[in-house]
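# Coordinates in review
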Amino acid sequence: MALYTLPDLEYDYGSLEPAMSGDILELHHSKHHAAYVKGANDTLDRLAEARDSGDFSGLVGLEKTMAFNLSGHVLHSIFWNNLSPDGGGRPDGELAAAIDEHLGGFDTFAAQLSAATTGVQGSGWGVLSWEPLAGRLMIEQVYDHHGNVGQGSTPLLVFDAWEHAYYLQYRNVRPDYVQRLWDLVDWRDVTARFDAARSAA
Ligand code: MN
């Protein structure tokens, strides 16, 4: 039985328009995200086969493939829930206070997360995360799905900077796509992740 499954979206493919076209969202969810789910499940099977046979000669590649696909599945699952047809605006309460304290206020935070996302060289993500050791918010620039990440951080808000996320609609103008993403952010979801990450720490 497959351990990982493609989650359903809580909204229709067309409901994030005009910021995100229905064509892009359908491809992104039903093809790209689905491929990461399949890749994670297939690689788990291959790792089990390696254990059963005692042949670990392919382990380096399998570990890398596992990290890529599992992280892709995790980040996309967060991404869909971070977005909403009713999104936009700003957080309030303790999340807003933490953004003020750790990241210089909302406008400065937004500028850094936008810059982290638009500045990815190649494929990756801009991520707002909770770093439990220091007990603070951080912004990370993730390469592919799994590189340049501080171990232990919990992603709260993730912006997909892969070309498959925007190219059909925004062509080469990634900054315009990132600017429109802010209109979709569901701060209730981000706040729930923030609260859960802090209580887990
Ligand atoms: Mn993606």
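I will try to describe carefully the structure that is included in this document. The model shown is predicted, which means the values in this text are computed figures rather than measured ones.

Parameters and conventions
- Residues numbered from 1 in each chain as written.
- Predicted model: local features only at pLDDT ≥ 70, side-chain atom pairs only at ≥ 80, totals over all residues.
- Heavy atoms only, no water.
- Helix = DSSP H or I, 4+ residues; strand = E, 2+ residues; numbered from the N terminus.
- Polar contact = N/O pair within 3.5 Å; in protein donor to acceptor, adjacent residues only side chain to side chain.
- Contact = heavy atoms within 4.5 Å.
- Donors = N, O, S within 2.8 Å, 3.2 Å for Na, K, Ca; no water.
- Buried < 20%, exposed > 50% of the residue type's maximum accessible area, 1.4 Å probe, protein only.
- Axes fitted to C-alpha atoms, helices over the stretch in contact; angles between N-to-C directions.
- Parallel < 35°, antiparallel > 145°, perpendicular 65-115°, else oblique.
- Nonpolar A, V, L, I, M, F, W, Y, C, P; charged D, E, K, R; others polar.
- Salt bridge = Lys/Arg side-chain N within 4 Å of Asp/Glu carboxyl O.
- Phe/Tyr/Trp six-rings, centres within 6.5 Å; stacked < 30°, edge-to-face > 60°.

Turning to the side chain of His102, a few remarks are in order. On the secondary structure map, His102 appears in helix α3 (residues 93-103). In this structure the side chain of His102 is engaged in a polar contact, spanning 3.2 Å, whose partner is the backbone nitrogen of Leu137. Filtering out sequence-adjacent residues up to four positions away, His102 remains in contact with Trp130, Gly135, Arg136 and Leu137.

So, about the coordination of the manganese ion. Here the manganese ion is held by His28 (NE2), His76 (NE2), Asp160 (OD) and His164 (NE2), and the distances to it run 1.9 to 2.1 Å. The sequence pattern describing where the donors of the manganese ion fall on their chain is H-x47-H-x83-D-x3-H. One end of the pair, His28, is in helix α1 (residues 22-53); the other, His76, is in helix α2 (residues 59-82), with 48 residues separating them in the sequence. Given a relative accessible area of 1%, His28 falls into the buried group. For His76, a relative accessible area of 0% gives the class buried.

Helix-helix packing: each pair is described by the crossing angle between the helix axes and the interaxial distance. Interhelical geometry of α3 versus helix α7 (residues 187-200) gives an angle of 80° and a closest axis separation of 9 Å. Here α7 runs roughly perpendicular to α3, going by the angle between their axes. Residues Glu94, Leu95 and Ala98 of α3 form the contact with α7, whose own contacting residues are Trp187, Val190, Thr191, Phe194 and Arg198. Residues that form the contact of α3 with α7 fall into these classes: five nonpolar, one polar and two charged.

A few words now on the environment of Arg46. Assignment of secondary structure puts Arg46 in helix α1. You can call Arg46 partly exposed: its relative accessible area is 47%. Separated by 16 residues in sequence, Arg46 and Leu62 place their C-alpha atoms 7.6 Å apart.

With that settled, consider the pattern of salt bridges. A complete count under the given rule lists seven salt bridges for this structure. Residues Arg198 and Glu94 are paired through a salt bridge, measuring 2.8 Å at the closest nitrogen-oxygen approach. Of this pair, Arg198 sits in helix α7 while Glu94 sits in helix α3, placing them 104 residues apart in sequence. With relative accessibility at 53%, the residue Glu94 sits in the exposed group. One salt bridge connects Arg193 with Asp189, and the closest N-O pair in it is separated by 2.8 Å. With Arg193 and Asp189 both in helix α7, this residue pair falls four residues apart, about one helical turn.

Right, let's get into unusual backbone geometry. At the junction of Glu17 and Pro18, the peptide bond is cis and its omega measures out at 5° in the coordinates. Turning to its location among the elements, Pro18 is positioned in the segment before α1. One non-glycine residue, Asp144, lies in the positive phi region at around 55°. With respect to the helices, strands and loops of the structure, Asp144 is situated in the loop between β2 (136-143) and β3 (154-160). At Asn148, a residue that is not glycine, the phi angle is positive and equals roughly 70°. For Asn148, a relative accessible area of 54% gives the class exposed.

The next thing to look at is the packing of aromatic side chains. Counted according to the given criterion, the structure contains 15 aromatic pairs. With a centroid separation of 5.7 Å and an interplanar angle of 75°, the aromatic rings of Tyr36 and Phe68 are classed as edge-to-face. Of the two residues, Tyr36 sits in helix α1 while Phe68 sits in helix α2, which places them 32 residues apart along the sequence. Here Phe68 falls in the partly exposed class, since its relative accessible area comes to 24%. Relative to Tyr177, the ring of Tyr166 lies with its centre 5.1 Å away and its plane at 20°, an arrangement referred to as stacked. Of this pair, Tyr166 sits in the loop between β3 and α5 (167-170) while Tyr177 sits in helix α6 (residues 174-181), placing them eleven residues apart in sequence. The residues Tyr166 and Tyr177 share a single accessibility class, namely buried. Ring pairs connect the aromatic residues Phe106, Phe109, Phe159, Trp182 and Trp187, which therefore count as one cluster.

Purely geometric numbers; function is a separate question.
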